[in-house]
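# Examining the three-dimensional arrangement
Here are the chains, one letter per residue:
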Amino acid sequence: YALDKYPAKVLKENLGKLYILKSLNFYGVDYGGTNDEKYRVYIANNGIDMGYTALFIEKEFHHEFSSILFTKFEESEWGQINPAGFVYFDEQTGGSGAIREGRASQEFDTKMHEAGFLYEYAQSTLENDFNSFAENIFVNDGIFFKLVEEYEKLSLKLDLIVDFYSSIDPRFTLEYFKEISLLEK
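How each quantity is defined
Residues numbered from 1 in each chain as written. Predicted model: local features only at pLDDT ≥ 70, side-chain atom pairs only at ≥ 80, totals over all residues. Heavy atoms only, no water. Axes fitted to C-alpha atoms, helices over the stretch in contact; angles between N-to-C directions. Helix = DSSP H or I, 4+ residues; strand = E, 2+ residues; numbered from the N terminus. Parallel < 35°, antiparallel > 145°, perpendicular 65-115°, else oblique. Left-handed = near helix turned anticlockwise from the far one by under 90°. Contact = heavy atoms within 4.5 Å. Nonpolar A, V, L, I, M, F, W, Y, C, P; charged D, E, K, R; others polar. Salt bridge = Lys/Arg side-chain N within 4 Å of Asp/Glu carboxyl O. Buried < 20%, exposed > 50% of the residue type's maximum accessible area, 1.4 Å probe, protein only. Expected span 1.5 Å × (residues − 1). Phe/Tyr/Trp six-rings, centres within 6.5 Å; stacked < 30°, edge-to-face > 60°. Lys NZ or Arg CZ within 6 Å of the ring centre and 35° of its normal.

### Examining the packing of helix α2 (residues 54–72) against helix α5 (residues 126–138)
It is the contact of α2 with α5, at a shortest axis distance of 8 Å, that shows an interaxial angle of 130 degrees. On the basis of their axis angle, the class for α2 and α5 is oblique. The chirality of how α2 crosses α5 is right-handed. Contacts between α2 and α5 involve Glu-58, Lys-59, His-62, His-63, Ser-66, Ser-67 and Phe-70 from the former and Leu-126, Glu-127, Asn-128, Phe-130, Asn-131, Ser-132, Ala-134, Glu-135, Asn-136 and Phe-138 from the latter. Classifying every residue of the contact of α2 with α5 by side-chain character gives five nonpolar, eight polar and four charged.

This is the structure:
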């Protein structure tokens, strides 16, 4: 279902292969997903009993695929919305340090929202901040769009990511993202 949300041309030009594996572990850190320079996406699926629900797996796909797109179509204005003097805390390791240090929560947090972030893991790297929005515009539980209406900085980042995706394909509009969200309820 995740792939159906993208025009075929976008997938053909930007997705090499998709691998679903039981687990992903690098340097002693478990990952839900990753991607590589050959536009391949790897997603872990160790079963529902371990928390790998269909929703989790789909969000992981959108998260990782957005990294591929981000690398090709980087949005430079993103960080300007962050608080003055803000520095992502894990740019050197790309987020693995956040996971290792237990700073990778993906629970919505009002303090984070006020600063322009959806959750703690989004503060690890600019790419993970971007990915947090990508996974939530493609799959959300009905809360995401309410949050961006309530918090100005989240709304500004939403505008940027919608502009980014619409530059890839004009079908990607705010209305499109809201519509696919409604279909999932």
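### Focus on the pattern of salt bridges
As enumerated under the stated definition, the model contains five salt bridges in all. Here Lys-157 makes a salt bridge to Asp-129, at a shortest N to O gap of 2.6 Å. Of this pair, Lys-157 sits in helix α7 (residues 152–168) while Asp-129 sits in helix α5, and the two are 28 residues apart along the sequence. Overall, the relative accessible area of 0% leaves Lys-157 in the buried class. For Asp-129, a relative accessible area of 0% gives the class buried.

### Comments concerning α7
Residues spaced three or four apart along an α-helix point in a common direction, a consequence of the helix completing one turn every 3.6 residues. In this model, α7 (17 residues) spans 25 Å end to end at C-alpha, consistent with the 24 Å of a helix rising 1.5 Å per residue. Of all the residues in α7, the buried ones are Leu-154, Lys-157, Leu-158, Leu-160, Ile-161, Val-162, Phe-164, Tyr-165 and Ile-168.

### Thoughts on the packing of aromatic side chains
Tallied over the full model, the rule gives 27 aromatic pairs. With centroids separated by 4.9 Å and ring planes inclined at 45 degrees, the aromatic side chains of Phe-70 and Phe-130 adopt a geometry described as tilted. You can see Phe-70 sitting in helix α2 and its partner Phe-130 sitting in helix α5, a full 60 residues away along the chain. Here the guanidinium or amino end of Lys-157 rests over the ring plane of Phe-117, the centre of that ring lying 4.2 Å away.

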